[in-house]
Amino acid sequence: MKRSDKYSQAVSRIPPSGIRRFFDLIIGRKDIISLGVGEPDFVTPWNIREKAFYALEKGRTSYTSNWGLLELRQEIAKYLTKYKLHYNPENEILITFGVSEAVDLVLRAILNPGDEVIVAEPCYVSYQPLIELAGGRAVSLNTAKTNFIPRAQEIARLITPKTKALFICSPNNPTGAVIPKSELQKIAALAKKQDIWVVSDEVYAELVYDGQHYSIGAFERMKERAIILNGFSKAFAMTGWRIGYICCPAELMRQVIKLHQYYAICAPIMSQYGALEALQSCRDEVEKMRRSYLQRRNFMISALQKIGLPAAAPSGAFYVFVDIRPTGLTSENFALKLIQQEKVAVVPGNVFGAGGEGFVRCCYATELPLLKEALKRLTHFLKKD
Ligand SMILES: Cc1ncc(COP(=O)(O)O)c(C=O)c1O
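Predicted model only: the values in this text are computed from it and were never measured.

A. Region of the structure containing the UniProt feature "domain: Aminotransferase class I/classII large" (unreviewed entry) in the chain. In the numbering used here, UniProt assigns the feature "domain: Aminotransferase class I/classII large" (unreviewed entry) to residues 30–378. From the first C-alpha to the last, residues 30–378 spans 18 Å; its make-up is 40% helix and 15% strand.

B. Expanded view of the pattern of salt bridges. Counted according to the given criterion, the structure contains 19 salt bridges. Its salt-bridge partner being Glu287, residue Arg291 comes within 3.1 Å of it at the nearest N-O pair. Taken together, the positions of Arg291 and Glu287, both in helix α11 (residues 283–306) and 4 residues apart, correspond to about one turn of that helix. Judged by relative accessible area, Arg291 falls into the exposed class, the value being 56%. One salt bridge connects Arg377 with Glu373, and the closest N-O pair in it is separated by 3.0 Å. With Arg377 and Glu373 both in helix α13 (residues 368–384) and 4 residues apart, this pair spans about one turn of that helix. Residue classification places Glu373 among the partly exposed residues on the basis of a relative accessible area of 28%.

C. Looking closely at the nonpolar core. Counting residues in each nonpolar core, the largest one holds 102 residues, and the members touching the most others are Leu35, Phe167, Ile216, Ile227, Leu229, Ile246 and Phe318. Looking at which element gives the most residues to this core, the answer is helix α5 (residues 98–110), with 7 residues. The two domains that each donate at least three residues to this core are domain 1 (9–44 + 284–384) and domain 2 (61–281). Not counting the four nearest positions on each side in its chain, Leu229 is found in contact with Val99, Ala102, Val103, Val106, Phe167, Val199, Ser200, Asp201, Glu202, Val203, Tyr245 and Ile246. Within the second largest apolar cluster, 34 residues are counted, among which are Ile76, Leu85, Tyr87 and Ala275.

D. Layout of the packing of aromatic side chains. Using the criterion set out here, one finds 16 aromatic pairs in the structure. Considering the side-chain rings of Phe232 and Phe236, the 5.4 Å spacing of their centres and the 40 degrees angle between planes classify their relative orientation as tilted. Each member of the pair, Phe232 as well as Phe236, carries the same accessibility label: buried. An angle of 70 degrees between the planes, with centres 5.2 Å apart, marks the rings of Phe318 and Tyr319 as edge-to-face. Under the relative-accessibility criterion, Phe318 is labelled buried at 0%. A relative accessible area of 0% places Tyr319 in the buried class. Of note, Arg60 hangs over the ring of Tyr273, and the distance from its end group to the ring centre comes to 5.3 Å. One residue, Lys372, lies across the ring of Phe299, its end atom 5.9 Å from the ring centre.

Thresholds applied
All residue numbers here refer to positions counted from 1 along the written sequence of the relevant chain. Since the coordinates come from a predicted model, pLDDT governs what is reported: local features require at least 70, and pairs of side-chain atoms require 80 or more to be given and counted, while whole-chain, interface and lining totals use all residues. Derived side-chain values reflect all non-hydrogen atoms in the structure, with water molecules and hydrogen atoms excluded from consideration. UniProt positions are given in the numbering used here, feature names are shortened, and annotations may be inferred rather than shown by experiment. Helix and strand labels come from DSSP, where a helix needs a run of H or I of at least four residues and a strand needs a run of E of at least two; each type is numbered from the N terminus. The term salt bridge refers to a side-chain nitrogen of Lys or Arg lying within 4 Å of a carboxyl oxygen of Asp or Glu. Relative accessibility decides the category of a residue: with a 1.4 Å probe and only protein chains considered, values under 20% of the type maximum give buried, values over 50% give exposed, and everything between is partly exposed. We call a set of buried residues a nonpolar core when its members are Ala, Val, Leu, Ile, Met, Phe, Trp, Tyr or Cys and they connect through side-chain atoms within 4.5 Å of each other. An automatic or database domain assignment is the source of the domain bounds shown. Working rule for contacts: check all heavy atoms of both residues, and any pair within 4.5 Å makes them a contact. What counts as a ring pair is set by centres within 6.5 Å for rings of Phe, Tyr and Trp (its six-membered ring), and what kind of pair is set by the plane angle: stacked under 30 degrees, edge-to-face over 60, tilted for all other angles. Our definition puts a charge over a ring when NZ of Lys or CZ of Arg is within 6 Å of the ring centre and also within 35 degrees of the ring normal.

Now the structure itself:
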């Protein structure tokens, strides 16, 4: 084939994941301390693994309903009431291949060519490419000037007749910022006034250290326009199980389920049984992990402060977004030099979109002695540079 349009132009246009690109550099390097990949350092709690073994032992290896196991959807519906979210497990909750699939499905289900989606950035790396692949246009809201909190006032300035949705994530990856309830309320009021969807990625909802998690879907009359994405990867240490879910109005779900049917059929059955167990019996385990992250967050914040790289205490998730502007290096240069000279891997902030340049993301879901060693090396790096 010699055609010049051999590949999809839309796919050719999107960049590879900035996080993965960076991590290809350190694959197999045991000498490097990685504060890079956003992944719990715990293995999945034992009861969850045992439940999945049991499902396999019983020969539960088939497809499930496209929606996912009804028992799991019912358990999710029950669990979400703690965030004042009320969804019907029959037709408003869909089990997906992690939040990753969920993001893609909902964007494809709501966007027409040229529709704009305002994205609060810095943000998780998949939002913008998936908006573009769905035919939409991502409009960046740079939150760096507002302590990484998207403000309703700033969002309002970006709204045009083409705005179809707003995409938020709280607690946030990469900044750890948590949108305060009062700001969420203003954002909800704006979304209602402007009649737009709000896609809310809440995969770190369980990992909040100061205050508590609020969902934008819980505000009055928000259910009809909120699309809540959540999953098991982070709080339950289940990244490899590939399981998450979407909650949205039944009418939208009728569109979303069609895509899921063709894409995935269903999430893996053993992961669904594991997720069911996670919700039924792992509350204490989750709390234990949350406390451990909190201890490590506190260590990171005070250690960074001591070496002159202050970072605002992130209220959730397991990341510190470190301001490296005092070094005069770009994020990419800082991260590359840090790997080369000190064998510590972090992610350059520019890969997370507007407002990320001048920062690097450090994931502190790494055991404390390694964090201490990484900070020692960082101190050495700063003295040299
Ligand atoms: C904010 C955010 N959303 C979604 C994902 C993907 O989650 P999942 O493993 O459920 O696909 C991640 C993973 O790092 C994330 O940080």
